[in-house]
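# Understanding the architecture of this molecule
Chain residues, written in single-letter form:
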Amino acid sequence: MDILFIEDDAIETMKLNRTVSKLQLKHNITEAKNGEEALNILKSGASLPDIILLDLNMPRMSGTEFLKILKEDDVLKYLPTIILTTSENRADLLECYKIGIAGYVIKPLKYEDYENKLKKVLEYWDTNELVKA
Ligand SMILES: [Mg+2]
């Protein structure tokens, strides 16, 4: 899959890349450090990703702000967007589902647990009918 990964923390980005390469998954990951950068990528005319993995707490434009803009766009609103966060805040979860998400995944602190969880998430989406494909 082509995955747009929106995350401000470089260590988190390293973790995802490490997981994908360690599990020998053939996903192509495009990185964006915040919602603004992600929108620029999505509007650049380059081909759209299959799914979006979105962090919530980011500078400049937060995950929920990005999500609102995405869902107001007639083309981009179809992109399955999965929240990947450490926030167990129920208000965040409700707000995201209200705006429209495809999933809400809480990142485990232990690397091994993170890897297992991410493996399941990516496998699931890889079995889905995707908008682009
Ligand atoms: Mg963050």
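Anything mentioned here points back to the structure above.
Residue indices begin from 1 for each chain and proceed along its sequence in written order. The predicted nature of this model means local features are confined to residues of pLDDT at least 70 and side-chain atom pairs, given and counted, to a pLDDT of 80 or more, with totals for whole chains, interfaces and linings taken over all residues.

### Some points on helix H3 (residues 63-72)
With C-beta atoms placed from the backbone, a residue counts as buried when 20 or more other C-beta atoms lie within 10 Å of its own, as exposed when 12 or fewer do, and as partly exposed for counts between those limits. Each helix is a run of H or I in the DSSP string that is no shorter than four residues. Each strand is a run of E no shorter than two, and both are numbered from the N terminus. Of all the positions in H3, only Gly-63, Phe-66, Leu-67 and Leu-70 are classed as buried. All buried residues of H3 fall inside an arc of 100° around its axis, so they share one side. Where the residues of H3 are buried, they touch strand E1 (2-6), helix H2 (35-42), strand E3 (51-54), strand E4 (81-85) and helix H4 (90-99). By arc we mean the arc of the directions from the helix axis to the C-beta atoms, nothing more. Contact between residues is assigned whenever the C-beta positions, reconstructed from backbone atoms, fall within 7 Å.

### Some points on helix H1 (residues 10-22)
Compared with the 18 Å implied by 1.5 Å per residue over 13 residues, the 18 Å span of H1 between its first and last C-alpha is a close match. Gln-24 sits one or two residues past H1 and shows a positive phi near 50°. Helix span is expected to be 1.5 Å times the residue number reduced by one.

### Re the nonpolar core
What we call a nonpolar core is a set of buried Ala, Val, Leu, Ile, Met, Phe, Trp, Tyr and Cys residues whose membership is set by joining through C-beta atoms within 7 Å. Of all hydrophobic cores here, the largest spans 22 residues; its most connected members are Leu-4, Ile-6, Ile-52, Leu-53 and Leu-54. Taken together, the elements giving at least two residues each to this core come down to E1, H1, H2, E3, H3 and E4. Setting aside residues no more than four positions away along its own chain, Leu-4 makes contact with Thr-30, Ala-32, Ala-38, Ile-41, Pro-49 and Ile-52.

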